Amino acid sequence: MSFRLILEGKEYEIAILRRRPQLILRIDGIEHEFSELGGAGDGRHDLKTATRHIDFFRATDNDRQVVRLSGRTFEVGRIDPFSEGADAGGSQDALRAPMPGVVVSIHCKEGDQVTRGAPLITIESMKLQTVLAAMRDGTVAQILRAEGETFEKDEIVVMLESETEKA
Amino acid sequence: MSDPLFKKVMVANRGEIACRIMRTLEEMGIASVAIHHVTESKARHVQRADEAAEIHGETPVSAYLDIDQIVDCARRFGVDAVHPGYGFLSENAKFAAAVTKAGMTFIGPDAETIALMGDKISARNFAEENGVAVAPSVMPTDNLDDFVEKAKSIGFPLLIKAAAGGGGKGMNIVREAAALAEAARIASSEAQRYFGDGRVYAETFVERPRHIEVQVLGDGVGNAIHLFERECSVQRRFQKIIEEAPAANLPSGLRDEICASATRLAAAANYKNAGTVEYILGADGRFFFLEMNTRLQVEHPVTEMITGMDIVRAQIDIAAGMGLPLSQSEVRASGHAIECRICAENPEQDFLPETGVVRYLSVPEAEWLRFENALAHGQKITADFDPMLAKLVACGPDREAAIERSIHALGELALLGVKTNIDYLACLLDHAAFRNAQLHTGFISEHRTELAASELDETERAQVLAAAFLGFREFRDLVVGTPEPHAAIGGWRN
C-alpha cells in the first residue's frame, strides 16, 4: 500500500510496511519506525521514533495538513488516486480537480474532439504542476475554469459532452 | 475606584486594537460600544464590547471610513467619547471635528492639530520653525549655478533628484563638493531628457537610515512629556514588522536630544493626547523629522512594557481633561521590549498578503508576553482588511533576553490555516546582524538571502511527511483505527 503526498512542490511516496508492534513507514525510499503516533486531529502532538521525540502542531485545512515542526510551517497535500480523472466515480463526463489549486493553462477549447489521455488543462497545487488529461474519447462541452482561476478539490474543471446525448 | 469621567466610549475600530482599547475601558469601569460590518458580526471585538452597532458599506473597509454613519451611531448609543484606534479614521481631521461637533469627546488631538501634522509640507515647516531638525534641502530650480551654491551649504552626502522625477532617473548621490557641479549638470540633462523638465533639487542623503520615533503625551495647553523612543527600522514594503524599545546602542546624549526634540514639537503644537514623532537617524548621528502620527501607534505596547504605563488609559484621562498622568521626571524606563507583527503574508513571495481560515491557534503564555489579537478558531482571513493578524510583544531585562524570549514565543505560537510570517520573524530575530543591532530600513533587502527559508533536510522532511500522513483520517485509520482482520485482507478501499 502506498500513498502520495505533496510537500513544497514535490511528490513523495509513503508506504505502510508494518503496523504492529511498531509502525514502519517507508518515506521517500527510507524506512522509519515510530513507537508513538501522537493524537489524532488538530492540535499539538508528538511522534516518537526509536531515538527521537518529535513535537509538532498539526491542523487539517480543507484537503491538506498543515504541520508546524521545529519552528517551521509546512502544507502537505495528498494525491488521492480515487479522485483523479475518470476514477472520481459517478459521471464519466466530468473532469474533476484532484486537489485544490489554480489553473495554469488550458490546452483545449469547447467543441474540441479529444482522445483519452489527451492533456486538457494544467493545474498548479502546492507549487506542483499537474496535467489533467481526458478520461475518455469525446468532445469538450464546457471549460469551467479560466487560466488563473482557483478551484477546490473535486470541483469540475472540464465537462465532456455526455455520451448518451451523442447516442 | 472613583467614577470615571466617561461612562460609555465607542471604539471606532476593529481587530486587535479594538480589543486592546476595550481591555482598558473595562479596567476603568467604562462601558464600550463596538462597530462592525455585517461580515464581522461574530468578531472578537464585537463579542468583547458591552454593546455593538452594525455599520454598513459596500465594502467592510468603507463602512469603517463612513464618518456620518459612525458619528450617528455614536450619538444613538449615547456615548461620551470616541476612541479611533489607529488606521481608518484615526488621523482624519473631519472625523475629529464631527465627533466634537456632535457633542462628544474625540480621544485624540484637535482637528486643527491633526490637519497640521497630516500635511507633509505644513508639518515640516512647523517642525523647522520650532527648532526640530528637518532634512536640509534645496528647492527645485533650473538655475544650476545658484543650485550648486545652495547645495554646497547643505553638506554631503547629497542626493540630487529630478523635480519631475521617478524611477531613479536623474538621481545622483554626491559625496564631495568637487563633484557637485558636474553631477548637477548630468542630473539636469537626464531630467530634461526623461521628463522634459530640467529642474533638479537636492536633499541630505541619509545612509543606512534608522527609523527612530518618540512617544509623546500632551495636555493640549502646551505641556508635553515623552515616554522615550522606539526603533522601527526593520520594515518590508515600507511598513514596520519589528519594533523595539528602547533603540539599541543609541548614545544617551543622542537619545536625550531626540526625545527633547519630540517633546518640543508636541509642546509647540499645544498637542493634546498621545502622539508619535518619527525621525530618520543617520549613521553619523544626524537625525531629521519625518512626520508626526497623531494617534495611538500599532507598536505602543513596547513603550508600555518598558515604562509600565497604560497609554490608552493616559489617552482617556487626557481626553477627559485630567491632564498629563505624570511629570517627565516621573517617567521611568527599564528593560527591553520587542514587538513582532504577525501578518498573513508570504515572505517567500515578496510578502504578498495571504488568505485562509484559522484552523488552529495555540498561544504561549508568560508574564513577559503579550499576544495582542482578535483571532478566533474558524475565522476567515480575507483580503478585506490589513494583513496584520496579531502582535507578539515580549520584554526582558535586556535586549538579548527580549530577543531570546521573542524567538521562543514565536516558536511556541501556532497559527495554522493561513500562511504567516511567524517563522520568518523568528529567523530574522536570530540573525547575527539583528542581534548585533546593525539595523537600518534596508535590513530586509540587505539580508534577503540569509533570511530565505532553508531547504529541509531528509530527516526533517520525513518527520513532516509522517506527521501529515497521520493527520489524514483515512491514512490514520489504516494505521491505527481499522480492525485487524479487515486491514489484513488489505488494500485501501479495495
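All values reported here derive from a predicted model rather than from experimental measurement. Going along each chain's sequence as written, the residues are numbered from 1 onward. Chains and ligands are labelled sequentially in the order written, the chains with letters from A and the ligands with numbers from 1. With pLDDT at 70 or above as the cut-off, local features in this predicted model cover only qualifying residues; side-chain atom pairs require 80 or more to be listed or tallied, and sums for whole chains, interfaces and linings still use all residues.

Points about the overall build of chain A
The secondary structure content of chain A amounts to 1 helix and 16 strands. Here the contact rule is simple: place C-beta atoms from the backbone, and any two residues whose C-beta atoms are within 7 Å are in contact. Within chain A, counting contacts between residues at least 6 apart in sequence, those at least 24 apart form 40% of the total. Secondary structure counts use DSSP, requiring at least four H or I residues in a row for a helix and at least two E residues in a row for a strand, with both numbered from the N terminus.

Quick notes on the overall build of chain B
Assigned secondary structure in chain B consists of 20 helices and 23 strands. The quantity called the radius of gyration is restricted to C-alpha atoms. Its globule counterpart is 2.2 Å times the number of residues to the power 0.38. Taking 2.2 N^0.38 as the reference for a compact globule, 494 residues should give roughly 23 Å; the C-alpha atoms of chain B span a radius of gyration of 26 Å, in line with that estimate. Working definition of burial: number of other C-beta atoms within 10 Å of the residue's own, with buried at 20 or more, exposed at 12 or fewer, and partly exposed in between, all C-beta atoms being placed from the backbone. In chain B, which comprises 494 residues, the proportion classed as buried is 48%. Considering only intrachain contacts with a sequence separation of at least 6, the fraction spanning at least 24 residues in chain B is 64%.

Topic: the environment of alanine 344 of chain B
Residues and elements named next belong to chain B. Note on placement: alanine 344 falls in the loop between strand E15 (336-343) and strand E16 (345-346). For alanine 344, a count of 24 C-beta atoms within 10 Å corresponds to the buried category. Considering only alpha carbons, one finds alanine 344 and phenylalanine 147, 197 residues apart in sequence, at a separation of 47 Å. Ignoring anything within four residues of it in the chain, the contact list for alanine 344 reads Pro353, Glu354, Thr355, Gly356, Ile381, Pro387, Leu389, Val418, Lys419 and Thr420.

Concerning the interface of chain B and chain A
Listed per partner, the contact involves 31 residues of chain B and 42 residues of chain A. Secondary-structure elements contributing two or more residues to the side of chain B that touches chain A are strand E19 (360-362), strand E23 (414-416), helix H14 (422-429), helix H18 (458-469) and helix H19 (473-481) of chain B. When residues in the side of chain B that touches chain A are grouped by element, the largest group, 10 residues, is from H18 of chain B.

A closer look at the domain arrangement of chain B
Each assigned domain of chain B is listed with its residue range as follows: domain 1 (8-107), domain 2 (137-204), domain 3 (210-451) and domain 4 (458-488). Between the C-alpha centres of domain 2 of chain B and domain 3 of chain B the distance comes to 36 Å. A domain assignment, automatic or from a database, supplies the domain bounds used here.

As for helix H11 (residues 300-307) of chain B
All names here are of chain B. Extensive coverage of H11 is indicated by the burial of 8 of its 8 residues. Those residues of H11 lying buried are His300, Pro301, Val302, Thr303, Glu304, Met305, Ile306 and Thr307. Backbone geometry just downstream of H11 places glycine 308 in the positive-phi region, at approximately 75°.

What to know about the sheet that holds strand E11 (residues 113-114) of chain A
Residues and elements named next belong to chain A. Spatially, 4 strands are ordered E9-E16-E14-E11 in an open sheet, and the strand pairing comes out antiparallel. Of all the strands in the sheet, just strand E9 (94-96) and E11 have a single pairing partner and so form its edges. By definition, two strands form a pair when at least two bridges between them are found by DSSP. Judged from the 3 bridges that link them, E9 and strand E16 (residues 156-160) form a sheet pairing that is antiparallel. In the strand pairing of E16, arginine 96 is matched with isoleucine 156.

With respect to the packing of helix H5 (residues 93-101) of chain B against helix H6 (residues 111-118) of chain B
All names here are of chain B. Each axis is a line fitted through C-alpha atoms, and for a helix only the stretch in contact is used; angles between axes span 0 to 180 degrees, taken between their N-to-C directions. Packing of H5 against H6 leaves a shortest axis separation of 8 Å and a crossing angle of 180°. Regarding the angle of H5 to H6, the classification is roughly antiparallel. Residue-level inspection shows Ala93, Ala96 and Ala97 of H5 in contact with H6, the latter providing Ala111, Ile114, Ala115 and Gly118. Within the contact of H5 with H6, the residues separate by chemical class into 6 nonpolar, 1 polar and no charged. The scheme is simple: roughly parallel for angles under 35 degrees, roughly antiparallel for over 145, roughly perpendicular for 65 to 115, oblique for anything else. Only Asp, Glu, Lys and Arg are considered charged in this grouping, and only Ala, Val, Leu, Ile, Met, Phe, Trp, Tyr, Cys and Pro are considered nonpolar; every other residue, Gly among them, is considered polar.

What about the domain arrangement of chain A?
Residues and elements named next belong to chain A. Along its sequence, chain A is carved into domain 1 (2-79) and domain 2 (85-166). Each of domain 1 and domain 2 was reduced to a C-alpha centroid, and the two centroids are 30 Å apart. The interface is formed by 9 residues belonging to domain 1 together with 9 residues belonging to domain 2. When residues in the side of domain 1 that touches domain 2 are grouped by element, the largest group, 3 residues, is from strand E8 (residues 72-79). Of the residues in the side of domain 1 that touches domain 2, the class split is 2 nonpolar, 3 polar and 4 charged.

Focus: the packing of helix H8 (residues 144-154) of chain B against helix H9 (residues 180-195) of chain B
Residue and element names in this part refer to chain B. For the pair H8 and H9, interaxial distance at closest approach is 10 Å and the crossing angle is 130°. Between H8 and H9, the interaxial angle falls into the category oblique. For the element pair H8 and H9, the recorded crossing hand is right-handed. From H8, Leu144, Phe147, Val148, Ala151 and Lys152 reach across to H9, where they touch Leu180, Ala181, Ala184, Arg185 and Ser188. Of the residues that constitute the contact of H8 with H9, the class distribution is 7 nonpolar, 1 polar and 2 charged. Crossing chirality is assigned from the near helix's rotation relative to the far helix, an anticlockwise turn below a right angle marking it left-handed and a clockwise turn marking it right-handed.

What to know about the pairing of strand E13 (residues 272-281) of chain B
All names here are of chain B. Counting buried residues in E13 gives 8 out of 10 residues, a clear majority hidden from the surface. Pairing analysis gives 10 bridges linking strand E10 (residues 210-219) to E13, with the strands arranged antiparallel. Note on E13: the bridge partner recorded for arginine 210 is leucine 281. When E13 meets strand E14 (residues 287-293), the two strands line up antiparallel, connected through 6 bridges. For threonine 276, the partnering residue across the bridge sits in E14 and is asparagine 293. Linking two consecutive strands that pair antiparallel, namely E13 and E14, is a turn of 5 residues; a positive phi of about 90° is found at glycine 285 within it.

Description of the pairing of strand E12 (residues 119-125) of chain A
Residues and elements named next belong to chain A. As paired elements, strand E10 (residues 101-106) and E12 share 4 bridges and run antiparallel to each other. Looking at E12, one finds that serine 105 is bridged to threonine 122. Pairing geometry for E12 and strand E13 (residues 128-133), over 6 bridges, is antiparallel. In the strand pairing of E13, proline 119 is matched with alanine 133. Hairpin remark: E12 followed by E13, antiparallel, with 2 residues in the connecting loop; positive phi at methionine 126, about 50°.

Concerning H9 of chain B
Along an α-helix, a turn takes 3.6 residues, which lines up residues three or four apart on a common side. Residue and element names in this part refer to chain B. Its 16 residues place the ends of H9 21 Å apart at the C-alpha level, agreeing with the 22 Å of an ideal helix rising 1.5 Å per residue. For H9, every residue scored as buried is listed here: Leu180, Ala183, Ala184, Ala187, Ser188 and Ala191. Within H9, the buried residues cover an arc of 130° as seen down the axis, which keeps them to one side. The exposed residues of H9 that point more than 90 degrees off its buried face are Glu182 and Arg193. Buried-residue contacts for H9 involve H8, strand E7 (158-162), strand E8 (172-174) and strand E9 (200-204). Just downstream of H9, glycine 196 is the residue with a positive phi angle, here 65°. Helices are assigned an expected span. That span is 1.5 Å times one less than the residue count. Arc definition: directions from the helix axis to the C-beta atoms.

Structural notes on the confidence of the model for chain B
Put simply, chain B has an average pLDDT of 93, and 96% of its residues get 70 or more. Taken together, the chains of this predicted complex give a pTM of 0.85 and an interface ipTM of 0.83. pLDDT runs from 0 to 100 and stands for how confident the predictor is about each residue.

A word on the sheet that holds strand E11 (residues 224-236) of chain B
All names here are of chain B. Overall, antiparallel pairing links the 8 strands, which are arranged E14-E13-E10-E11-E12-E15-E22-E20 in an open sheet. The sheet is open, and its two borders are formed by E14 and strand E20 (369-373), each paired with just one other strand. Averaged over neighbouring strand pairs, the angle between their axes works out to 25° when direction is ignored.

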